[in-house]
Amino acid sequence: MAIVVYDGFTPFELGVACEVFGDDRWVPPGDPWYRLFICGDTSTPVTADGGFQILVPHGLDRLASVDTVIVAPTYRPGDVPESVFEALRQAHARGCRILSLCGGAFVLAEAGLLDGRRAATHWAECEELARRYPSLSVDPGVLYVDEGDILTGAGSAASIDLCLHIVRQDYGSEVATQLARQLVVPPQRDGGQAQFIEQPLPALDSSNLFADTVAWLQEHLDEPVTVEDLAVRSAMSPRTFARRFVATTGTTPYQWLLRQRVQLAQRLLETSDLSIEIVAEKSGFGTASNLRKHFGQMVHTSPQAYRHTFQDRSASSPRSRRRRYPEAGLDE
């Protein structure tokens, strides 16, 4: 294996790759493991995003003799040398497996290796990746995308998930699970990157046409509401209301309401010990099955799994819940 680094690389992902593929101390003596090479365009020190420097022991010519190339992320993709792109293209052309960690997808895209493919990167960078390279399909909700010869990882910690996936492919589930225990991480995480994404809806000031309607709606998320009801409150016909709402907020009234209800459900799951059935009622979904359906579509995991991951164990008292979320009826 070869890890390609350049000025501006981020050290976390480099550390993950070195820990997984470069350390064979946990493998029984005599068992095969990876040979890892850190490569770059120059023999001079490479400066990390954190400001420190490392010496790169191998040049890009090493990519011609490895089976897998790992592309490190960088916050300065515009500064990556053309020689790196060319070395990656040549490695791919001869059948080398290539994977990017986090923002390394920008490097692969610039090299033209993601054209027509599905790819992942950090959720905060998905929109920018899609804008810069419209020929690829960005999936913001997953931890990694496996396209066979090219694999792309999502946000920083998803590098661990992708690296374990590679070990699972090469050595099987038992070995990957043993390594996960060594790293003190789950062998495979539930859900995807979507559960970590912040998706604030457009803020509407008091002069906005729908400000009063939206403010009322946020206080009545647990009640049955139709587009016709909202149109009446806005003194418009349902068709005019729906059209103007999309033009103002960028989304339909139904999707806006759905997103708000999912976000309320997320807060309740994080900060209370209410049953899934009660969370469904308080957030306006009515039934647990309806909550699971829409929650899964938007967050890519189940309400129970989300609670297990994100619940604040110290904020589960009734007093705390009443104080923080009166709009959910928790002050009664």
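The structure reproduced in this document is the subject of the present report. (Residues numbered from 1 in each chain as written. Predicted model: local features only at pLDDT ≥ 70, side-chain atom pairs only at ≥ 80, totals over all residues. Heavy atoms only, no water.)

What follows covers the overall build of the protein chain. Secondary structure summary: the protein chain contains 14 helices and 11 strands in total. When the 332 residues of the protein chain are sorted by exposure, 48% land in the buried category. Residue pairs at least 24 apart in sequence account for 63% of intrachain contacts in the protein chain once pairs closer than 6 positions are excluded. (Helix = DSSP H or I, 4+ residues; strand = E, 2+ residues; numbered from the N terminus. Buried < 20%, exposed > 50% of the residue type's maximum accessible area, 1.4 Å probe, protein only. Contact = heavy atoms within 4.5 Å.)

Applying the stated criterion across every chain, the model contains one cavity of 30 Å³ or more. In this structure, the largest cavity spans a volume of roughly 40 Å³. Residue lining of the largest cavity: T10, E13, P73, T74, Y75, C102, G103 and E125, and that is the complete set. (1 Å grid on protein atoms, 1.4 Å probe; cavity = no way out; pocket = protein on both sides within 12 Å on 5 of 7 lines; lining within 4 Å. Points joined across faces, edges and corners; volume = space filled by probe spheres on them.)

Here helix α9 (residues 238–249) spans 16 Å end to end across 12 residues, near enough to the 16 Å set by a 1.5 Å rise per residue. Along α9, the positions that sit buried rather than exposed are F241, F245 and T249. Relative to the axis of α9, the buried residues are bounded by an arc of 35° and lie together on one face. Exposed and oriented more than 90 degrees from the buried face of α9 are R239, R243 and A247. (Expected span 1.5 Å × (residues − 1). Arc of directions from axis to C-beta.)

Next up on the list: the environment of E13. In this fold, E13 is placed in helix α1 (residues 11–21). Through-space distance from the C-alpha of E13 to that of V71 is 9.6 Å; in sequence the pair is 58 residues apart.

Next up on the list: the packing of helix α7 (residues 211–218) against helix α10 (residues 253–271). Here α7 crosses α10 at 40°, and the two axes come no closer than 11 Å. In terms of their interaxial angle, α7 and α10 are classed as oblique. α10 is crossed by α7, and the crossing has right-handed handedness. The segment α7 lies against α10, with V214, L217 and Q218 engaging W256, L257 and Q260. (Axes fitted to C-alpha atoms, helices over the stretch in contact; angles between N-to-C directions. Parallel < 35°, antiparallel > 145°, perpendicular 65-115°, else oblique. Left-handed = near helix turned anticlockwise from the far one by under 90°.)

Next up on the list: the pattern of salt bridges. Evaluated as defined, the whole model comprises nine salt bridges. Across the pair D79 and R76 runs a salt bridge, and its minimum N-O distance is 3.0 Å. Take R76: its relative accessible area is 39%, and that puts it in the partly exposed class. As a salt-bridge pair, R97 and D170 come within 2.8 Å of each other at their nearest N and O atoms. Placement of the pair is R97 in strand β7 (residues 97–100) and D170 in helix α5 (residues 158–171), with a sequence separation of 73 residues. Taking the relative accessible area as the measure of exposure, R97 reaches 16% and is therefore buried. (Salt bridge = Lys/Arg side-chain N within 4 Å of Asp/Glu carboxyl O.)

Bringing the packing of aromatic side chains into the picture now. Any pair of aromatic rings gets described here by the distance separating the centres and the angle formed by the planes. Under the counting rule described, the total for this entry stands at seven aromatic pairs. Ring geometry for Y34 and Y171: centres 5.4 Å apart, planes at 80°, overall edge-to-face. In this pair, Y34 is assigned in the loop between α1 and β2 (37–40) and Y171 in helix α5, connecting sequence segments 137 residues apart. Residue Y34 is classed as buried on the basis of its relative accessible area of 16%. (Phe/Tyr/Trp six-rings, centres within 6.5 Å; stacked < 30°, edge-to-face > 60°.)

Side chains R97 and L99 of β7 all project onto a buried face; the interleaved residues I98 and S100 project onto the opposite face, where all are buried too. Sheet analysis places strand β6 (residues 68–71) next to β7, joined by four bridges and oriented parallel. Residue pairing across strands places V71 opposite S100, the latter belonging to β7. Taken together, β6, helix α2 (residues 82–93) and β7 constitute a β-α-β crossover, and its handedness is right-handed. Where β7 meets strand β11 (residues 150–153), three bridges bridge the pair, whose relative direction is parallel. Paired with L99 across the bridge in β11 is L151. (Pairing = 2+ DSSP bridges. Right-handed = clockwise from strand over helix to strand, strands pointing away.)

All quantities given are derived from atomic positions and should not be read as evidence of function.
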